[in-house]
Amino acid sequence: MENFELRGGVMHAEDVPLPEIAQAVGTPAYIYSSAAMERQARLFREALAPVGDPLIAYAVKANPNAAVLATLARAGLGADVVSGGELRRAIAAGIPAGKIVFSGVGKTREEMQFACDSDIFQFNLESEPEAEMLSEVAVAAGCQARVAFRINPAIDAGTHAKISTGKSENKFGIAEARAPAAYARAASLPGLEIQGIAIHIGSQLTDLSPLELAYAKIGSLIARLREAGHPISVADLGGGLGIAYDPDQPPPPTPADYGAMVTRVTRGWNVRLVFEPGRLLVGNAGILLTRVLRVKEGAGGPEATPFVIVDAGMNDLMRPTLYDAWHELRAVEPKGGHAIANVVGPVCETGDTFAMARRMSQVDEGDLLAFMTSGAYAATMASTYNSRPLAPEVMVNGNRFAVVRDRQSIEALIGADLMPPWLQDKSTEQS
Ligand SMILES: *Cc1c(COP(=O)(O)O)cnc(C)c1O
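(A) Structural context of the overall build of the protein. For the protein, the helix and strand inventory stands at 13 helices and 21 strands. Scaling as 2.2 N^0.38, a compact globule of 431 residues should have a C-alpha radius of gyration of about 22 Å, and the protein matches this with 24 Å. Projecting the C-alpha coordinates of the protein onto the three principal axes gives extents of approximately 70 × 65 × 40 Å. Here the protein, with 431 residues, has 54% of them falling under the buried criterion. Across the protein, every contact between residues at least 6 apart in sequence was considered, and the portion connecting residues at least 24 apart equals 69%. Looking at the protein as shown, the accessible area adds up to about 18,600 Å², and 52% of this sits on carbon and sulfur atoms. The averaged location of the 49 negative side-chain charges in the protein is 3 Å from the averaged location of its 38 positive side-chain charges.

What follows is the structure in structure tokens.
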């Protein structure tokens with residue numbers, strides 16, 4: 001979180017004081033540091049330099065804002081997309097189709113056709129019926145689809161159940177034992193060109209050993225598939241590397257640790273490697289800026305833990321509700337004192353709770369707070385629940401900042417609903 005530091009007692013995003021941004025765009029607001037994203041992209045690339053010239057395909061779903069994509073495109077990254085919408089966003093932001101990988105269990109015909117016509121780098125197929133549909137689409141559209149199968153290695157990545165993707169009961173990929181048959185089937189289908197193999201076992205991984213185990217399985221599968229005559233020239237090792245949310249927890253493996261492991265495990269594979277980092281690149285490059293609306297006494301009077309009610313809700317930042325995620329909360333202008341508080345949003349759900357009995361900076365009504373590590377799986381999961389307009393997103397670059405998504409207006413939010421004809425006709429109104 002190097003790019004969000006106190007200077008003269010005030011938290012800055014790079015060189016911009018956060019109160020200045022709050023003044024300009026209001027709260028709640030997401031603030032991103034472009035320097036932080038660029039640094040993470042560089043660190044990851046440097047860590048993987050020993051494996052040659054990998055394709056680093058940013059997982060767009062972590063943060064699909066066009067300015068984020070354009071920043072990473074300029075850093076030379078490709079994209080991992082999981083929908084036609086993400087594919088269009090990535091292309092619109094300047095990521096060449098030749099650097100785009102398409103993952104996901106539910107690709108539609110329309111999405112497949114658009115991706116095939118765009119000549120993307122690779123389709124990561126998650127089932128045999130998907131291969132059959134893609135073949136039909138490619139033949140009809142007169143395009144060739146380069147494909148890999150995503151393997152489900154039946155490995156528990158040791159992360160939260162909702163972000164584990166490589167266990168046998170998870171919906172993703174095909175079983176290792178099924179791989180030879182799936183590749184044989186795909187090889188027989190017109191319009192498909194077998195190119196690679198792929199894996200992605202989960203997100204926010206803080207231990208490299210499940211990854212290493214999964215990669216070793218991929219290594220032996222590559223050998224088996226080649227023996228069967230399949231030309232495997234690409235291995236997509238997915239994303240999932242975790243980041244530090246809680247500074248008091250042991251730090252997760254660094255990109256350098258990961259790079260060293262990958263270099264060791266993939267020695268002799270003789271493929272081009274693809275990586276799909278999401279959270280690692282943007283998670284710590286963003287914060288959610290919020291203001292304290294009021295402090296409410298807890299049940300039990302002045303001695304009870306008070307509620308700090310902030311103007312960001314679970315609709316703005318869903319991770320705590322969805323994954324029991326822990327976000328550090330820092331005062332933008334700390335006053336020195338500390339207090340224990342329950343930090344909650346204004347949404348009418350008990351789940352709209354960000355922190356219970358949290359020791360944090362003393363804050364009062366009107367103070368600004370920052371939810372740290374809010375660059376990934378944050379703004380993109382926001383909803384308008386409780387008719388709360390989507391928060392704006394701001395990108396900082398040195399001493400400059402720009403709104404990269406406007407705050408949704410309440411008029412736009414309400415105006416999106418359409419009245420059916422039978423409710424428009426005033427004459428049928430009952431008196
Ligand atoms: C979400 C996802 C990623 C990115 O995961 P991170 O934990 O953000 O690195 C990569 N690949 C696939 C297929 C995904 O679904």
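(B) Structural detail: the site of the ligand. Among the 15 residues in the neighbourhood of the ligand, the closest are listed as K61, S203, E276, R279 and Y377. Here an oxygen atom of the ligand sits 2.3 Å away from a polar atom, N or O, in the side chain of S203. Computed on the free molecule, the ligand has an accessible area of 390 Å², of which 94% lies beneath the protein chains in the complex. The residue inventory of the shell around the ligand, partitioned by class, reads 3 nonpolar, 7 polar and 5 charged.

(C) Region of the structure containing the packing of aromatic side chains. The final tally for this structure, using the stated rule, is 8 aromatic pairs. Ring centres 6.4 Å apart and planes at 70 degrees place the aromatic pair Y215 and Y258 in the edge-to-face group. Note that Y215 is positioned in helix α8 (residues 208–227) and Y258 in helix α9 (residues 255–265), a separation of 43 residues in sequence. Between the NZ or CZ atom of R88 and the centre of the ring of F114, over which it lies, the distance is 3.7 Å. If you follow K107 out to its NZ or CZ, it ends over the ring of F102, 5.5 Å from the centre.

(D) Spotlight on the domain arrangement of the protein. For the protein, the domain assignment lists domain 1 (4–31 + 283–415) and domain 2 (34–282). In this structure, domain 1 and domain 2 have C-alpha centres spaced 32 Å apart. Taken together, the contact pairs 24 residues of domain 1 with 24 residues of domain 2. Of the roughly 2,000 Å² buried between domain 1 and domain 2, counting both surfaces, carbon and sulfur atoms make up 53%. Summed over the three residues of domain 1 that lose the most area to domain 2, namely Y323, Y377 and M395, the buried surface amounts to 29% of that side. Scanning the region where domain 1 abuts domain 2 turns up 0 salt bridges. There are 15 residue pairs in polar contact (both at pLDDT 80 or more) connecting domain 1 and domain 2. Ranked by residues supplied to the side of domain 1 that touches domain 2, first place goes to strand β20 (residues 393–397) with 4 residues.

(E) Just the nonpolar core, in detail. Counting 106 residues, the largest nonpolar core has Y58, F123, I197, Y215, Y258 and W269 as its most contacted members. By residue number, the principal contributor to this core is α8, which donates 8 residues. Each residue touching W269, except ones within four places of it in the same chain, is listed here: Y215, I218, G219, I222, R226, A235 and L237. One finds F4, A13, I31 and A370 within the second-largest nonpolar core, a separate group that totals 18 residues.

(F) Molecular detail of the sheet that holds strand β2 (residues 10–13). On the basis of which strands lie adjacent, the open sheet formed by 3 strands has the order β1-β2-β3 and antiparallel pairing. Looking at strand neighbours, the two that pair on one side only are β1 (4–7) and β3 (16–17), the edges of this open sheet. Bridge count for β1 against β2 is 4 bridges, and the pairing is antiparallel. Counted as the bridge partner of F4 is A13 from β2.

Rules used in this analysis
- Every chain's residues receive numbers from 1 upward, in the order its sequence appears when written.
- Per-residue local features are limited, in this predicted model, to residues with pLDDT of at least 70; the limit for side-chain atom pairs, both in listing and counting, is 80 or more; totals at the level of whole chains, interfaces and linings are taken over all residues.
- Side-chain metrics in this entry use all non-hydrogen atoms of the structure; hydrogen atoms and water are not considered.
- Helix and strand assignments come from DSSP, with helices taken as H or I runs of at least 4 residues and strands as E runs of at least 2, each series counted from the N terminus.
- As a reference, a globule follows 2.2 Å times the number of residues to the power 0.38, and the radius of gyration itself is taken over C-alpha atoms.
- Relative accessibility thresholds used throughout: buried, under 20% of the residue-type maximum; exposed, over 50%; partly exposed, between the two (1.4 Å probe, protein chains only).
- Note on contacts: a residue pair qualifies if any of its non-hydrogen atoms lie within 4.5 Å across the two residues.
- Each accessible area value is a Shrake-Rupley result obtained with a 1.4 Å probe; residue values ignore everything except the protein chains displayed when judging cover.
- His residues and chain termini do not enter the charge count, which takes Lys and Arg as positive and Asp and Glu as negative.
- Charged side chains are reduced to one point each, which is NZ for Lys, CZ for Arg, CG for Asp and CD for Glu.
- Nearness is judged by heavy atoms alone; a residue qualifies as near a molecule or strand once a single heavy atom is within 4 Å of it.
- Under this definition, polar contacts are N or O atom pairs within 3.5 Å; protein pairs additionally need one hydrogen-donor-capable and one acceptor-capable atom, and for neighbouring residues in sequence, both atoms have to be side-chain atoms.
- Under the scheme applied here, ten amino acids are nonpolar (Ala, Val, Leu, Ile, Met, Phe, Trp, Tyr, Cys and Pro), four are charged (Asp, Glu, Lys and Arg), and all others, including Gly, are polar.
- A pair of aromatic rings is counted whenever rings of Phe, Tyr or Trp (Trp by its six-membered ring) have centres within 6.5 Å, and the orientation is called stacked for planes under 30 degrees apart, edge-to-face for over 60 and tilted otherwise.
- Here, a charge over a ring means that NZ of Lys or CZ of Arg falls within 6 Å of the ring centre while also lying within 35 degrees of the ring normal.
- Domain boundaries shown here were taken from an automatic or database domain assignment.
- Simply put, the buried area is the total loss of 1.4 Å probe accessible area from both parts when two parts are fitted together.
- What counts as a salt bridge is simple: a side-chain nitrogen of Lys or Arg found within 4 Å of a carboxyl oxygen of Asp or Glu.
- Within this scheme, the nonpolar core is defined by two criteria: the residues are buried Ala, Val, Leu, Ile, Met, Phe, Trp, Tyr or Cys, and they are joined through side-chain atoms within 4.5 Å.
- Here a strand pair is declared whenever DSSP counts at least two bridges between the two strands.

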